[in-house]
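Coordinate analysis (summary)
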Amino acid sequence: MRDPVLFAIPFFLLLLILEWTAARKLESLETDGTDRPRPASGAYLTRDSLASIWMGLVSVGTTAGWKTLAVLGYAAIYAYLAPWHLSATHWYTWVIAVLGVDLLYYTYHRIAHRVRLIWATHQAHHSSEYFNFATALRQKWNNSGEILMWIPLPLLGIPPWMVFFSFSLNLIYQFWVHTERIDRLPRPFEFVFNTPSHHRVHHGMDKVYLDKNYGGILIIWDRLFRSFQPELFRPHYGLTKQVDTFNIWNLQTREYVAIARDWRSATRLRDRLGYVFGPPGWAPRAARRTDTAVPLATSM
């Protein structure tokens, strides 16, 4: 199998360079009504962008490893458990594969924002306070959740290679929505497809934007399952508790470390399970009562 993402990398880098050049003031800041410095629209920070690029390069290798493991399981499911085998020569097989991957991506993505253990695999992608094409490359290294989520597709008779190919197409599509350089597009397109405007909302840490717009290619899933939020104002990007590091290992593992720390600090099994499987930011009721801080937002 040849991963289409590998062929798309030169185009990713070309678009990144063009956007970076257009930004001009690569590390400029502006302030808003909160008097808090924030990245100017479309700006780049060199260290932030390099961290994103390195995370993307490492993810190429880690994703290949996860896919190598997955193809063995998918092949067994396809060969021995699928009630029928769909042919790649039929157009409807491609429709089922592409739409199936997109729906399952939406499902996994929504779970990843609501279950802390899975959020730990995904939070690195949201850790940048900048929103540009470099941010699109800030990918996770642990794809185990997605691998499990795709199991229904080979069970439905989709050839395993088509599952991987369809997800690569999904990933390629999502690259271009990571930019502030593209404003709203024509209304029919905005209604059906994920766009930069929709995805800016998803990366926003503002309370009105939290846990919204999970779609990969299609935004229809968000409209159907009531997780859609239109862009009302320019978002503040990043995590609700911003990180102060460009170390790619720390960015990938910090939430796992935090989960382990909270697990050790808890005295009841129920609280320990809550720290692992509850939503990001979950705390025992007693701890929530004693927390008098008023954050900008409560979860990612």
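Residues numbered from 1 in each chain as written. Predicted model: local features only at pLDDT ≥ 70, side-chain atom pairs only at ≥ 80, totals over all residues. Heavy atoms only, no water.

Thoughts on the pattern of salt bridges
Evaluation of the coordinates by the stated rule reveals eight salt bridges. Of the charged contacts, one joins Asp271 and Arg268 as a salt bridge, the two residues approaching to 3.0 Å between their closest N and O atoms. One network of salt bridges, in which partners are shared, links Arg116, Glu255 and Asp262. (Salt bridge = Lys/Arg side-chain N within 4 Å of Asp/Glu carboxyl O.)

A closer look at the environment of His199
Within the element layout of this structure, His199 appears in helix 10 (residues 196-203). You can call His199 buried: its relative accessible area is 1%. With 21 residues separating them along the chain, His199 and His178 place their C-alpha atoms 6.9 Å apart. Residues contacting His199, with those up to four places away along its chain left out, are His125, Phe131, Val177, His178 and Asn194. (Helix = DSSP H or I, 4+ residues; strand = E, 2+ residues; numbered from the N terminus. Buried < 20%, exposed > 50% of the residue type's maximum accessible area, 1.4 Å probe, protein only. Contact = heavy atoms within 4.5 Å.)

Some remarks on the confidence of the model for the protein chain
Mean pLDDT over the protein chain stands at 88; residues scoring 70 or higher make up 88%. The low-confidence segment residues 292-300 (pLDDT under 50) makes 22 contacts with residues lying over four places distant or belonging to another chain. (pLDDT = per-residue confidence, 0-100.)

Observations concerning the packing of aromatic side chains
A complete count under the given rule lists 19 aromatic pairs for this structure. Judged by centre distance (6.5 Å) and plane angle (45°), the rings of Tyr105 and Phe167 are tilted. With a gap of 62 residues between them, Tyr105 in helix 3 (residues 91-112) and Phe167 in helix 8 (residues 160-175) connect regions that are remote in the sequence. One exposure class covers both Tyr105 and Phe167, and it is buried. Plain terms: the ring middles of Trp161 and Phe165 are 6.5 Å apart, the flat faces sit at 75° to each other, and that makes the pair edge-to-face. Pair noted here: Trp161 and Phe165 are both in helix 8, with a separation of four residues, about one helical turn. In this structure Trp161 comes out as partly exposed when scored by relative accessible area, which is 39%. Ring-pair connections join several aromatic residues into one group, and the members of that group are Tyr74, Tyr105, Trp150, Phe164 and Phe167. (Phe/Tyr/Trp six-rings, centres within 6.5 Å; stacked < 30°, edge-to-face > 60°.)

Quick look at unusual backbone geometry
Look at Asn213: it is not a glycine, yet its phi comes out positive at around 55°. With respect to the element layout, Asn213 can be found in the loop between helix 10 and helix 11 (220-224). Accessibility expressed as a relative area gives 0% for Asn213, which makes it buried. Unlike most non-glycine residues, Arg226 shows phi in positive territory, near 60°. Considering the arrangement of structural elements, one finds Arg226 in the loop between helix 11 and helix 12 (248-265). Given the relative accessible area of 76%, Arg226 is considered exposed.

Observations concerning the nonpolar core
Nonpolar side chains tend to gather and get buried jointly when the protein is soluble and globular. Membership of the largest hydrophobic core comes to 18 residues, with the highest contact counts inside it found for Tyr74, Trp150, Leu153, Ile158 and Val163. Looking at this core, the elements that each hand over two or more residues are helix 2 (46-80), helix 3, helix 6 (144-149) and helix 8. Ranked by residue count, the leading element in this core is helix 3, at six residues. When sequence neighbours within four positions are dropped, the list of residues in contact with Trp150 reads Tyr74, Leu104, Val163, Phe164 and Phe167. Within the second largest apolar cluster, 12 residues are counted, among which are Val5, Trp20, Ala23 and Phe133. (Core = buried A, V, L, I, M, F, W, Y, C linked by side-chain atoms within 4.5 Å.)

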